[in-house]
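These are the residues of each chain, in order.
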Amino acid sequence: MNQSSEQLLDVRDLKKHFSMGGGLFQRQKPVLKAVDGVSFTLQRGETLGLVGESGCGKTTAGRVILRLLEPTAGTATITTSLNGNGERHAYDIFSLKKEALRLLRRQMQIVFQDPYGSLNPRMTVGALLSEPLTVHNLTPKNELDDRVTELLTTVRLNPAHARRYPHEFSGGQRQRIGIARALAVQPELIIADEPVSALDVSIQAQIINLLKELQEKFQLSYLFISHDLRVVKHISDRVAVMYLGKIVETAEKHQLYRQPLHPYTEALLSAVPLPDPTLQRNRIILTGDVPNPTAPPPGCPFHPRCARAEARCKVDVPALEDKGDGHLVACHVV
Amino acid sequence: MSLILSIINHQSSITNPKDMLLQVNDLKTYFDTDEGVVRAVDGVSFGIEAGKTLGIVGESGCGKSMTAYSILRLVPQPPGRIAGGEIFFEDTNLLTLPDRALREIRGNDIAMIFQEPMTSLNPVFTVGEQIAEAVRLHRKADRQTAWNRSVELLEMVGIPLPEERAKSYPHELSGGMRQRAMIAMAISCDPKLLIADEPTTALDVTIQAQILDVLRRLQDELGMALILITHDLGVVAEMAHDVLVMYAGQVVEQTDVVTLFAQPSHPYTRGLLASVPTLIMEEGDLATIEGIVPDPTRYPAGCRFAPRCDFVVEACSEPQRLQEAATGHQVRCGAWKQIIEGGPLKTNEPISQ
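Note that the coordinates shown come from a computational prediction; the quantities given were computed from them, not determined experimentally. (Residues numbered from 1 in each chain as written. Chains lettered and ligands numbered in written order. Predicted model: local features only at pLDDT ≥ 70, side-chain atom pairs only at ≥ 80, totals over all residues.)

**So, the overall build of chain B**
Across its full length, chain B holds 13 helices and 12 strands. Projected onto the principal axes, the alpha-carbon positions of chain B cover approximately 70 × 50 × 40 Å. When contacts within chain B are restricted to residue pairs at least 6 apart in sequence, those whose partners lie at least 24 apart make up 65%. (Helix = DSSP H or I, 4+ residues; strand = E, 2+ residues; numbered from the N terminus. Contact = placed C-beta atoms within 7 Å.)

**A short note on the overall build of chain A**
Within chain A, the secondary structure is distributed over 9 helices and 12 strands. A globule of 334 residues ought to have a C-alpha radius of gyration of about 20 Å, and chain A, at 21 Å, matches this closely. Considering only C-alpha atoms, chain A reaches an extent of 70 × 55 × 45 Å along its principal axes. With 334 residues in all, chain A has 44% of them scored as buried. Sequence separation of at least 24 residues holds for 64% of the intrachain contacts in chain A that already meet a minimum separation of 6. (Rg over C-alpha atoms; globule rule 2.2 N^0.38 Å. Buried ≥ 20, exposed ≤ 12 C-beta atoms within 10 Å, placed from the backbone.)

**A few points about the sheet that holds strand β7 (residues 189-193) of chain A**
Residues and elements named next belong to chain A. Spatial strand order, β6-β7-β8-β3-β9-β10-β12-β11: 8 strands in an open sheet with mixed pairing. Edge positions in the open sheet fall to β6 (108-111) and β11 (321-322), since each of these has one partner strand only. In the packing of helix α5 (residues 171-183) onto the sheet, the strands contacted are β6 and β7, and the crossing angle to β6 comes to about 175°. (Pairing = 2+ DSSP bridges. Axes fitted to C-alpha atoms, helices over the stretch in contact; angles between N-to-C directions.)

**A closer look at the sheet that holds strand β1 (residues 22-33) of chain B**
Residues and elements named next belong to chain B. Taken together, the 4 strands give an open sheet; going across it, the order is β2-β1-β4-β5, and neighbouring strands pair in antiparallel fashion. Unpaired on one side and paired on the other, β2 (36-48) and β5 (92-93) mark the two borders of the sheet. Strand contacts of helix α2 (residues 64-71): β1, β2 and β4 (80-89), with the helix running at about 70° to β2, the strand carrying the most contacts.

**Thoughts on the pairing of strand β6 (residues 110-113) of chain B**
Residue and element names in this part refer to chain B. By the alternation rule, side chains of β6 split into I110 and M112 and A111 and I113, which are all buried. In the sheet, β6 pairs with strand β7 (residues 193-197) via 4 bridges, with the strands oriented parallel. Note that in β7 the partner of I113 across the bridge is A196.

**Quick word on the interface of chain A and chain B**
By a widespread convention, an interface's size corresponds to the accessible area lost as its parts come together. Taken together, the 33 residues of chain A in the interface contact 36 residues of chain B. At the level of elements, α6 (201-218), α7 (229-235) and α9 (263-271) of chain A are the ones that each hand at least two residues to the side of chain A that touches chain B. A per-element tally of the side of chain A that touches chain B places α6 of chain A first, with 6 residues.

**Things to note about the environment of L226 of chain B**
All names here are of chain B. Position of L226 among the secondary structure elements: in strand β8 (residues 225-230). Take L226: there are 23 C-beta atoms within 10 Å of it, and that puts it in the buried class. Sequence separation between L226 and R216 is 10 residues, and the spatial gap between their C-alpha atoms is 9.4 Å. Setting aside residues up to four positions removed in sequence, L226 forms contacts with T53, L194, A196, L215 and Q219.

**Quick look at the nonpolar core**
Judged by nonpolar contacts, the single largest core of 192 residues is most densely connected at V241 of chain A together with I227 of chain B. In terms of residues, this core owes the most to one element, helix α9 (residues 205-222) of chain B, which gives 8 residues. Residues within four places of I227 of chain B in sequence aside, it is in contact with I48, L54, I56, A68, L193, I195 and A196 of chain B. (Core = buried A, V, L, I, M, F, W, Y, C linked by C-beta atoms within 7 Å.)

**Description of the confidence of the model for chain B**
Close inspection of predicted coordinates is inappropriate for parts of the model with low pLDDT. Residue and element names in this part refer to chain B. With 90% of its residues at a pLDDT of 70 or more, chain B shows a mean pLDDT of 86. Note on residues 1-17: pLDDT under 50 across the span, and 12 contacts to partners over four residues away in sequence or across chains. Predicted confidence for residues 344-353 stays below pLDDT 50, and this span has 18 contacts to residues more than four positions away or in other chains. Overall fold confidence (pTM) sits at 0.86, and the ipTM for the predicted complex is 0.83. (pLDDT = per-residue confidence, 0-100.)

**A look at the environment of S81 of chain A**
All names here are of chain A. Considering the arrangement of structural elements, one finds S81 in the loop between β4 (73-80) and β5 (89-92). According to the C-beta neighbour criterion, S81 is partly exposed, with 15 such atoms within 10 Å. Counting along the chain gives 80 residues from S81 to H161, while the straight-line C-alpha distance between them is 33 Å. If sequence neighbours within four positions are ignored, S81 has contacts with G86, E87 and R88.

**A look at the packing of helix α5 (residues 127-139) of chain B against helix α8 (residues 175-186) of chain B**
Residues and elements named next belong to chain B. Their axes nearest at 9 Å, the elements α5 and α8 cross at an angle of 20°. If you check the angle between α5 and α8, you find them roughly parallel. Two packed elements cross with a definite hand, and for α5 against α8 that hand is right-handed. Contacts between α5 and α8 pair V127, Q130, I131 and A134 from the former with A181, A184 and M185 from the latter. Along the lines of polarity and charge, the residues of the contact of α5 with α8 split into 6 nonpolar, 1 polar and no charged. (Parallel < 35°, antiparallel > 145°, perpendicular 65-115°, else oblique. Left-handed = near helix turned anticlockwise from the far one by under 90°. Nonpolar A, V, L, I, M, F, W, Y, C, P; charged D, E, K, R; others polar.)

**Describing α9 of chain B**
Here α9 of chain B is 18 residues long and its end C-alpha atoms lie 25 Å apart, about the 26 Å a rise of 1.5 Å per residue gives. Residues of α9 of chain B that are buried: V205, T206, I207, Q208, A209, Q210, I211, L212, V214, L215 and L218 of chain B. Those residues of α9 of chain B that are buried are in contact with α9 of chain A together with α6 (143-156), α8, β7, β8 and α10 (233-239) of chain B. Where α9 of chain B ends, the next residue or the one after it, G223 of chain B, has phi of about 65°, a positive value. (Expected span 1.5 Å × (residues − 1).)

**Things to note about unusual backbone geometry**
Along the chain, Q77 of chain B connects to P78 of chain B via a cis peptide bond; the corresponding omega equals -20°. Turning to its location among the elements, P78 of chain B is positioned in the loop between α2 and β4. Residue P79 of chain B is reached from P78 of chain B by a cis peptide bond, and omega for that bond is 5°. Turning to its location among the elements, P79 of chain B is positioned in the loop between α2 and β4. Unlike most non-glycine residues, N137 of chain A shows phi in positive territory, near 50°. The topology assignment puts N137 of chain A in the loop between α3 (125-135) and α4 (144-154). One non-glycine residue, D325 of chain A, lies in the positive phi region at around 55°.

Rendered as structure tokens:
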């Protein structure tokens, strides 16, 4: 939970455009605006849930912030300590050069959806966890084993398993290894990209509880990317909803789930099946699909599917506006 | 004693097949692998009435999909084999039916849709052609009639501009549209039973809502029964009349949907319900089921859930049989009564890690 209101991350007007292949005779290559002007902040110790459906740009946004992809435009400022002396300064993530970027990577780590795809199958768990420690010169050689044991205990795995290979573990255990590897360098920010989406519900609950526990223990800040509104509600402090490369609504969690303002958020919430057969709900069923992101509709990106769309929605792009208490909405109608 | 008990239990579990559209009795589907025999489905019995929806829930590897595949004898053989049981569709035992006769039932009376429609659609034919082909094969219609029917079916599943869409190739459609096309193909011959294996798992939640809506509407219009296989308890709550909860190849609880959510009686069902984050629940840690699903080649000799269960007593080292908790409510747990009376879901001393 967020006690201090100290800011860790400030992302402003982030854009990432991909130019698509295009045909041989196509003069202009189509441009896919995966992230198209996204701004948000993340406080220290806070969890911001970034939700949206496939193709909305949530994963791309996460990768650009980590500089796994280079941004097209925008800034991202992180307030952290690069040299390890504890003094925090603001750094522009996108302008850092090689060595500084390497130091910064220590402070921002990622946990992937598919832990199996992100763990080298030829390395033992011990080697996987030692690698970041050696790369960043964090632990002397003779203490590596102890640190690996400590990390495995932290994520509730048996330290004796350090000699095993990733394929010997179940999906949930592998995700624990992925988390241990991210924790190894004692980062301040963890970007978790659909970390529980591939897991069964009983295992999902174990991992969510673990993430919450670790956050408290190490004062971690999470950018939690997911399509699952139920999981996001459970883990986040604040939630940002994305649609076609843009954030359409941001609010404190309870506020957003109790009183969604954007018609898309409203529809998204009403589409989530609830485990109560006696409940009668007035479901909003959206018509049609998400538009092709290489040819997004003019005006508000949601207007072709919106029941409340007016004439100006087809022309003007709505800006994110504060409707009170930090509840931001990009909609002309509300 | 245990023999008598099992006979009594066996008899009581067999309902007169004539009541049911589909009645599965003691189905066993095994796989012979290098590591040993995988008992994917191990003595599953259930029935479904005409027009009703049966939800089969469970986590990966519990045998829910293999149960469905066994009904249409789609289990890959080898390594799979149906090692026992009977499956009555109306009065016919599907397991003893010659292949040719079974082909008459598949697609006509019983149809199936899968999780990933792209793998079940042929990429080199338009969706209209593929649906028309199904119509021609089963209904012996001429090409033009079949094509018209295919456009009509696409309209029924809510595809806009069906005449144009019929000329699209599968890759030109979105995931939700492909699943609609699959459903159109499945209902092309007015099946009495539709088996849907995780039909919305690969889809976004707003598209899932559309597809579930289509399924519900078609069920009303066509009066078909639906077996819905899913891992999502929310989907079950919204769609099903009756529910089968599976764990490690067995049915652990079976009842109507309202009872299941109001009074879950098997510790696994209770754990599953408590571990799902919902939109309405309050904060705090999610309840978890510790440990992992047992290795299917080495199931515990006694209750298969015992290694993860918080309520283990001595009797759990014996195999558990399905017990009648109430009329139409069966639970595979000898201690179900104490569990629902005992209040807390978790005891203070977990037995296993």
